[in-house]
Amino acid sequence: MRSSSRVSLREPSYFVLAALLDGRLHGYAVVKRVEELSAGQVKLAAGSLYSVLDRLLGEGYVIADGEEIVNGRARRYYRLTETGQQLLAQEADRLAQAARVVHERLPQATTNRPTWRTSPA
């Protein structure tokens, strides 16, 4: 398992971890939730999803959490670990800080800021 002082996550990994904040999900549900959370910006094919999940499993950020047979096919469930949740929170803080750096420096007339506000770090 890697240290939680990791510099950054790739976008697919970030959104897979974010999807698992909702609780244990099977692969297809992860794909759908990632697409929803990213507003359609991240679309994972099965091969990409399982590559991301294998990496996150190996690093201890996600664990396999059960399996069932549905329509003759195995459906494996995944769950976020405490370490994965900590990593995701650190990455969200890092991204929020990076966004603040830019938003605070943009001229007011040219900003197209989102309506949400970040809480102080």
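Everything that follows concerns the structure shown earlier in this document.
Treat the numbers as computed from the prediction; the structure is a model and nothing was measured. Each residue is numbered by its place in its chain's sequence as written, counting from 1. pLDDT decides what is reported in this predicted model: residues at 70 or higher carry local features, side-chain atom pairs at 80 or more are listed and counted, and totals for whole chains, interfaces and linings draw on all residues regardless. The basis for the side-chain values is all heavy atoms of the structure; hydrogens and waters are excluded.

Undergrad: When you look at the overall build of the chain in this model, what are you seeing that I'm missing?
TA: Secondary structure is summarised from DSSP: a helix means a run of H or I of at least four residues, a strand means a run of E of at least two, and numbering begins at the N terminus for each. Scanning the chain from terminus to terminus reveals 4 helices and 3 strands. Whether a residue is buried, partly exposed or exposed follows from its accessible area with a 1.4 Å probe, protein chains only, as a fraction of its type maximum: under 20%, in between, or over 50%, in that order. Taking all 121 residues of the chain together, the buried fraction comes to 30%. The contact definition used throughout considers only heavy atoms, calling two residues in contact when any of these lie within 4.5 Å. A sequence separation of at least 24 residues applies to 50% of the contacts in the chain between residues at least 6 apart. Note on areas: Shrake-Rupley with a 1.4 Å probe; residue coverage comes only from the protein chains shown. Carbon and sulfur atoms make up 49% of the accessible area of the chain, which totals about 8,000 Å².

Undergrad: How should I be thinking about the nonpolar core in this particular structure?
TA: The tendency in soluble globular proteins is for nonpolar side chains to be buried as a group. Here, the term nonpolar core denotes a set of buried Ala, Val, Leu, Ile, Met, Phe, Trp, Tyr and Cys residues that are joined through side-chain atoms within 4.5 Å. Grouped together as the largest cluster of nonpolar side chains are 24 residues, with contacts concentrated most on Val 16, Leu 17, Leu 20 and Val 34. If you list the elements that add at least two residues to this core, you get helix H1 (11-19), helix H2 (27-37), helix H3 (46-58), strand E3 (73-80) and helix H4 (82-105). Ranked by residues supplied to this core, first place goes to H1 with 6 residues. Leaving out residues up to four positions away in the same chain, Val 16 has contacts with Val 30, Val 34, Leu 44, Leu 49, Val 52, Leu 53 and Leu 56.

Undergrad: Help me understand the pairing of strand E2 (residues 62-70), please; the structure alone is not making it clear to me.
TA: Looking along a regular strand, one sees the side chains alternate between the two faces of the sheet. Strands are labelled as partners when DSSP assigns at least two bridges between them. With 7 bridges connecting them, E2 and E3 associate as antiparallel partners. Directly across from Val 70, in E3, lies its bridge partner Arg 73. Counting the residues that bridge the hairpin from E2 to E3 gives 2 residues, and of these Asn 71 lies at a positive phi of roughly 50°.

Undergrad: Quick question: what am I supposed to make of a nonpolar patch on the surface here?
TA: Note that patches include only residues with greater than 30% relative accessible area and no salt bridge, and the join distances are 9 Å for like charges and 5 Å for nonpolar side chains (Val, Leu, Ile, Met, Phe, Trp, Tyr). Here, a salt bridge means any Lys or Arg side-chain nitrogen found within 4 Å of an Asp or Glu carboxyl oxygen. On the surface, Val 101, Val 102 and Leu 106 cluster together into a nonpolar patch covering about 210 Å² of accessible area. Relative to the elements of secondary structure, Val 102 occurs in helix H4. Among the residues examined, Val 102 registers a relative accessible area of 46% and is labelled partly exposed.

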